[in-house]
Amino acid sequence: MSLLNNIFLQNLQALRQINSPLVDILQELEIKNISTIKDEEGLNFIFNGTALYENPKEELLNRASFFKQNFNSYPVLYFYGLGNSMLYKLLLENDNLKHLVVFEDNLELIKLCLSLFDFSEQLIQKKLILLSTDENFLYELVKIEDIVLAYELYELHVHSDFYMSFFADKIKSLNFKLTNLLKNSVFYYGTSADDGYVGIENSLANLDTMLENFVFKNFLKDNKFRFKTAIIVATGPSLDKQLPLLKSYHKKAIIFCLDSSYKILHKHGIKPDIVLSLERVKESAEFFNNDYKEFDENTVFVVSALTHPNTVKYLKEAKRDFMLVLRPLHFHSSLKLDEYGYLADALSVANMAFELAASLRFENIILIGQDLAYAQDKSSHSEDYMYKSLHKNDYERDENLYKCEAYGGLGVVQSSLVWTLFRQSLQKDASLVSSKLNIKVFNATQGGARIKACIEKPFKECCEELLSEDLDKRFFLFKNDSLKISSLKKQTKKRIKKIYTSSKHFLNIISKIKDEDFENLELLMLKFRQSDCFNELFMPSYFAYASKITKLKVFDLKLECKKEALLFFAELAELLSKQNALLKRYIEG
């Protein structure tokens, strides 16, 4: 085996951990349209008679010098164009650089560079991130905390004049997408300490009920692969036209119903099989302030464990089968109750439903009512949506700010910031389950926004082609026995006492801070960030602080760093006091 092949295989092995579909393509790809010239002027590539560089060696030295002088302290750099990749070999030697993000759509060029230079270590560490401009891959960036913290330093660099000459429009489009993605990434890290507090407060109130009810891990294990087709029913304006057909076919598929769709389906006599609820607010609980008696038989209610206690109250009063499920949040994870989680690593209940359907390994997932855009009459939801009146001025607020491609590619529609984030998340998830799990995702909304990575197909055709037989829809449900439940309650209280002790410890340290060096403050922040008492209550403040510090450190503004750190620790002390009071009430209750 040649050295060239060894290098390529090492790079592929590293790349597979972060972009498996790309590896599969590169393995089969032949390099037909690129020729290589290596002489005293350096390494050059020729594309259909056009050279990548005029003088590769000179351009390499000039570019390397430019970035060393102007961007040596930047933790993240972005480039369009891989080129011969030699510039990136030099830049990756910089210890200040945590992530180098390179976009390249020419797969032959990627294969050629990965055959010439060993990037395996940097790929594994994600110090080098190779992506195409495919929108579905961009969302992976906001999962990397260092990238999001450096969002104010974002700038897209173009590798060489060659790329600017041939790909100017693509570069402009990518820059627009990245700017918006990074600007909105704050939503993935929380925007309100109050939301974090309410989530923890509700979770503590619901803990005993969660432990006493059905176990989520068993629900997944016992019901996986049992059914072929799921229909996820959202509450967009297009839902109304789909309801008659849904009623005709609802016995032949598993109906996933969002909490906001629940009363609508009941009104139209359409029995859901799984009803999901994500939010922590009192308003969402009111979707369940009813008793539909036999209508709810064999329906399973899958509800986030941070739901408002009224939700639990209403579910119990109506004797519904329900389970409370932990989300992959810091506080929920710290409880170490893994068999009751994890679901809803998402921003919306529709994303939660999609995640559950994929986890149960349905072969087909059909979306209806998933408009994620305003209708032509400016309406935001279906006719019978419970809180429709609260959204009557939303269109005017969002008009022309969040336009996107319409369903079927038929022009553009008006959307909103929240819907844009939901759509982006659905696109990412649909792409993932299609490629990795071979699940077919159909968008049968027939209206609203285009959700890329979904197969657009009329709902009638989906039903006729995929749904033929009535189903036995009873789910297998499991509860722990009373002895185990009692043991879990004791373990959980012990765990919360440990978190409380840690939280008190940090509050005691922080309350004594007067005039510390920034380096000591930064070390204390790192210890707190890694502690078991750090959770979503602190994330918005931490994110705001860490973003400022990331930018200030680039410009070596040490006094400003210290000032921001002291302000942050003062805010942190207040939040720790609130958390301690909350945990103490639970422990003593």
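See the structure printed just above.
Residues numbered from 1 in each chain as written. Predicted model: local features only at pLDDT ≥ 70, side-chain atom pairs only at ≥ 80, totals over all residues. Heavy atoms only, no water.

Focus: a negative patch on the surface
A cluster of acidic side chains, namely D39, E40, E41 and E58, defines a negative patch on the protein surface. In this fold, E58 is placed in helix α3 (residues 56–70). When its relative accessible area of 47% is taken as the criterion, E58 is described as partly exposed. (Patch = residues over 30% accessible without salt bridge, like charges linked within 9 Å, V, L, I, M, F, W, Y side chains within 5 Å. Areas by Shrake-Rupley, 256 points an atom, 1.4 Å probe, with all protein chains shown as cover. Salt bridge = Lys/Arg side-chain N within 4 Å of Asp/Glu carboxyl O. Lys, Arg positive; Asp, Glu negative; His and termini not counted. Charge placed at Lys NZ, Arg CZ, Asp CG, Glu CD. Helix = DSSP H or I, 4+ residues; strand = E, 2+ residues; numbered from the N terminus. Buried < 20%, exposed > 50% of the residue type's maximum accessible area, 1.4 Å probe, protein only.)

Considering helix α13 (residues 239–249)
Within the span of α13, buried status applies to L239, Q242, L243, L246 and Y249. Angularly, the buried residues of α13 cover 135° about the axis, an arc narrow enough to put them on a single face. Of the residues in α13, the exposed ones pointing more than 90 degrees away from the buried face are P244 and S248. Lining the buried residues of α13 we find β8 (229–233), β9 (254–258), α14 (259–267), β13 (364–368) and α21 (459–466). (Arc of directions from axis to C-beta. Contact = heavy atoms within 4.5 Å.)

Thoughts on the pairing of strand β16 (residues 440–443)
Strand direction decides the pairing type here: β13 and β16, joined by 4 bridges, are parallel. Pairing of L367 across the sheet is with N443, part of β16. The sheet contact formed by β16 and strand β17 (residues 455–456) spans 2 bridges and is parallel. Across the sheet, the residue bridging to F442 is I455, located in β17. (Pairing = 2+ DSSP bridges.)

Regarding helix α12 (residues 216–223)
Among all positions of α12, only F216, N218, F219, L220 and N223 are buried. Summarising the contacts, the buried residues of α12 are in contact with β10 (274–277), β11 (300–304), β12 (321–325) and α18 (349–359). Just beyond α12, the residue with positive phi is F225, at close to 70°.

A closer look at the packing of helix α24 (residues 539–554) against helix α25 (residues 558–588)
For the pair α24 and α25, the least separation of the axes is 10 Å and the interaxial angle reads 170°. When the axes of α24 and α25 are compared, the pair comes out roughly antiparallel. Contacts between α24 and α25 pair S541, Y542, Y545, K548, I549, L552 and K553 from the former with E560, C561, E564, A565, F568, E571 and L575 from the latter. A breakdown of the residues in the contact of α24 with α25 according to their chemical character gives 8 nonpolar, 1 polar and 5 charged. (Axes fitted to C-alpha atoms, helices over the stretch in contact; angles between N-to-C directions. Parallel < 35°, antiparallel > 145°, perpendicular 65-115°, else oblique. Nonpolar A, V, L, I, M, F, W, Y, C, P; charged D, E, K, R; others polar.)

Considerations on the packing of aromatic side chains
If you walk through the whole model with that rule in mind, you get 36 aromatic pairs. Ring centres of F256 and F362 lie 5.6 Å apart, and the angle between their planes is 80°; this geometry places the pair in the edge-to-face category. Residue F256 is located in strand β9, and its partner F362 is located in the loop between α18 and β13; the two are separated by 106 residues in the primary sequence. Pair check on accessibility: F256 and F362 agree, each one buried. Between the aromatic rings of Y292 and F295, the centroid separation amounts to 5.9 Å while the plane-to-plane angle is 90°, which identifies the pairing as edge-to-face. Classification of Y292 by relative accessible area gives buried; the value is 13%. Relative accessible area serves as the criterion here: at 13%, F295 is assigned to the buried category. (Phe/Tyr/Trp six-rings, centres within 6.5 Å; stacked < 30°, edge-to-face > 60°.)

Some points on the pairing of strand β5 (residues 99–103)
Consecutive side chains along a regular strand alternate between the two faces of the sheet. Of all 5 residues in β5, 5 are buried, a share of seventy percent or more. Of the two faces of β5, both are covered, the one formed by H99, V101 and F103 as well as the one formed by L100 and V102. Bridging between strand β4 (residues 76–80) and β5 involves 5 bridges; their strand directions are parallel. Residue pairing for β5: V76 is matched across the bridge by H99. As a crossover connection, the stretch from β4 through helix α4 (residues 86–91) into β5 is right-handed. As defined by bridge partners, β5 adjoins strand β6 (residues 128–131) across 4 bridges and the pair is classed as parallel. Paired with L100 across the bridge in β6 is L128. (Right-handed = clockwise from strand over helix to strand, strands pointing away.)

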